[in-house]
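Understanding the architecture of this molecule
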Amino acid sequence: MSIEILYQDDALLAVNKPAGLPVHRSKMVNDAERYLVDVLREQVGGNVHLAHRLDRATSGVLLVARSSEVAAALGEQFMGRDVRKQYLAVVRGWPEPTEALVDYPLPGSRETGPRREARTHYARLATVEVPIELGRYPQQRYALVRAEPETGRFRQIRKHMAHIHHPVIGDCQHGRGDHNRLYKQHFGCHRMLLHAWRLDFAHPVSGVRMTLEAPLDDAYAALLARFGWTLDAPAE
């Protein structure tokens, strides 16, 4: 397989991580045939160092350093909250208000661990109502939202959207199984609909501010087209 490269220089790479591909082997993920870091080493040659991470099921912009020093410099930006991250998510229901801050502490990878501050801004970009009966409702409502995590907790966006009762479609851990099945059966969509869309950061060597954007994959883009959604759509 080949990873789409969004930006490349001697210091770093920015890639468009495919949904379903884990970034590296870990205690939580050790059953995959391929890992992103291994694919990239073969594709570009030499060492690669992750500057941050995305969930296995999440697609989108991922920064990869060519040295441990650059990885550390990028890591400091993430830790210092100097990186602006924008995600696109399709969620169940129509979030109200159309723009809000979810301020709800979250634990780490262990649900029994201590909770730490976690904040996510969201904006509703578009809505749709589909005439498919599910449970006691003859029609189902879904929304496209832009989510901007201010902090970087484990599965933060997924947990925050579930907390406000608008879970991300395709999220097996925190979402709704009945709606996930609806998307598979009626729309042929078998991925979680969370995408790291844009990333704004300072280049770790030059200091120049950069904004990188990852295009949607075919499955995600086809769903937006089916619903008549565009990424510049105003909130409804």
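Let me begin by describing the structure that accompanies this report. Here the residue numbering is sequential within each chain, running from 1 through the sequence in written order. Owing to the predicted nature of the model, reporting of local features is limited to residues with pLDDT of at least 70; listing and counting of side-chain atom pairs is limited to 80 or more, with chain, interface and lining totals taken over all residues. Note that water and hydrogens are dropped before the side-chain values are worked out from all heavy atoms of the structure.

What follows is about the overall build of the protein chain. The secondary structure content of the protein chain amounts to 5 helices and 10 strands. The globule rule is 2.2 Å times the number of residues to the power 0.38, and the radius of gyration it is compared with is taken over C-alpha atoms. Whereas a compact globule of 236 residues would reach a radius of gyration of roughly 18 Å, the protein chain reaches 18 Å, a difference of no more than 12%. The principal-axis extent of the C-alpha atoms belonging to the protein chain is close to 55 × 35 × 35 Å. Buried residues are those whose accessible area, probed at 1.4 Å on protein chains only, stays under 20% of the maximum for their type, while exposed residues exceed 50% and partly exposed ones sit between those limits. Within the span of the protein chain, comprising 236 residues, buried residues form 48% of the whole. Here a residue-residue contact requires only that any non-hydrogen atoms of the pair lie within 4.5 Å. A fraction of 64% describes how many contacts in the protein chain between residues 6 or more apart in sequence connect residues 24 or more apart. Accessible surface, the protein chain: about 11,800 Å² in total, of which carbon and sulfur atoms supply 47%. The sign given to each residue is positive for Lys and Arg and negative for Asp and Glu; His and the chain ends receive no count. To locate a charge, take atom NZ for lysine, CZ for arginine, CG for aspartate or CD for glutamate. Of note, the protein chain has its 31 positive side-chain charges centred 6 Å away from the centre of its 28 negative side-chain charges. Helix and strand assignments follow DSSP, with helices taken as H or I runs no shorter than four residues and strands as E runs no shorter than two, numbered in order from the N terminus. The Shrake-Rupley method, run with a 1.4 Å probe, gives the accessible areas here. Residue values count only the displayed protein chains as cover.

This next bit is on the layout of surface pockets. The probe, sized like a water molecule, is rolled over the atoms to show the empty space still left. By volume, the largest pocket is sized at about 1,600 Å³. Residues are said to line a cavity or pocket when one of their atoms sits within 4 Å of a point; the points come from a 1 Å grid over protein atoms alone, cavities being sets where a 1.4 Å probe fits but cannot get out and pockets being open sets with protein on both sides within 12 Å along at least five of seven lines. Along the walls of the largest pocket sit 50 residues, with Arg53, Gly152, Arg153, Phe154 and Arg155 positioned nearest its centre. For the lining of the largest pocket, the leading source of residues is helix H2 (residues 68-79), giving 4 residues. Polarity classes work like this: nonpolar for Ala, Val, Leu, Ile, Met, Phe, Trp, Tyr, Cys and Pro, charged for Asp, Glu, Lys and Arg, and polar for all others, with Gly in that last group. Counted by class, the lining of the largest pocket contains 20 nonpolar, 15 polar and 15 charged residues. Grid points are joined across faces, edges and corners, and a volume is the space filled by probe spheres set on the points. By volume, the second largest pocket is sized at about 200 Å³. Around the second largest pocket, the lining residues are Arg92, Gly93, Leu134, Gly135, Arg136, Tyr137, Gln139, Gln140, Arg141, Arg176, Asp178 and His179.

Under the criterion given, the structure shown has 1 cavity of 30 Å³ or more. Roughly 40 Å³ of volume is contained in the largest cavity. Around the largest cavity sit His52, Leu54, Val61, Lys85, Gln86, Tyr87, Ala196, Arg198 and Leu199, which together line it. When residues of the lining of the largest cavity are traced back to their parent elements, those giving at least two are strand S5 (84-92) and strand S9 (194-202). Considered class by class, the residues forming the lining of the largest cavity number 5 nonpolar, 2 polar and 2 charged.

Let's shift gears to the environment of leucine 193. Among the structural elements, leucine 193 can be located in the loop between helix H4 (177-187) and S9. When its relative accessible area of 0% is taken as the criterion, leucine 193 is described as buried. Beyond its immediate sequence surroundings of up to four residues, leucine 193 is in contact with Leu88, Ala89, Val90, Val168, Ile169, Tyr183, Tyr220 and Leu223.

So, on to the side chain of threonine 58. Looking at the secondary structure, you find threonine 58 in the loop between strand S3 (49-50) and strand S4 (59-65). The class for threonine 58 is buried, based on a relative accessible area of 2%. Other than its neighbours up to four places away in sequence, threonine 58 contacts Lys17, Pro18, Ala19, Tyr87, Met192, Leu194, His195 and Ala196.

Between N-to-C directions, angles cover 0 to 180 degrees, with each direction set by a line fitted to C-alpha atoms, over the stretch in contact for helices. Following both chains from N to C, one finds H4 and helix H5 (residues 218-227) inclined at 80°, their axes separated by 13 Å at the closest point. Considering their axes alone, H4 and H5 lie roughly perpendicular with respect to each other. Residues Tyr183, His186 and Phe187 of H4 lie in contact with H5, whose contacting residues are Leu223, Arg226 and Phe227. Counted by class, the contact of H4 with H5 contains 4 nonpolar, 1 polar and 1 charged residues. In this scheme, roughly parallel covers angles under 35 degrees and roughly antiparallel covers those over 145, while 65 to 115 is roughly perpendicular and the rest are oblique.

As a further point, take the packing of aromatic side chains. Aromatic pairing here means that ring centres of Phe, Tyr or Trp (its six-membered ring) are within 6.5 Å. Orientation follows from the plane angle: under 30 degrees is stacked, over 60 is edge-to-face, and everything else is tilted. Considering all chains together, one arrives at 5 aromatic pairs under this definition. When the ring of tyrosine 142 is compared with that of tyrosine 183, the centres are 4.9 Å apart and the planes differ by 90°; the resulting orientation is edge-to-face. Of this pair, tyrosine 142 sits in strand S8 (residues 140-149) while tyrosine 183 sits in helix H4; the two residues are 41 residues apart in sequence, bridging distant segments of the chain. A single burial state applies to tyrosine 142 and to tyrosine 183, both of which are buried. Any Lys NZ or Arg CZ found within 6 Å of a ring centre and within 35 degrees of that ring's normal is scored as a charge over the ring. Between arginine 141 and the ring centre of tryptophan 94, over which it is positioned, the NZ or CZ distance is 3.8 Å. Sitting over the face of the ring of tryptophan 197, arginine 198 holds its NZ or CZ atom 3.8 Å from the ring centroid.

Limitation: the analysis is restricted to geometry and does not speak to function.
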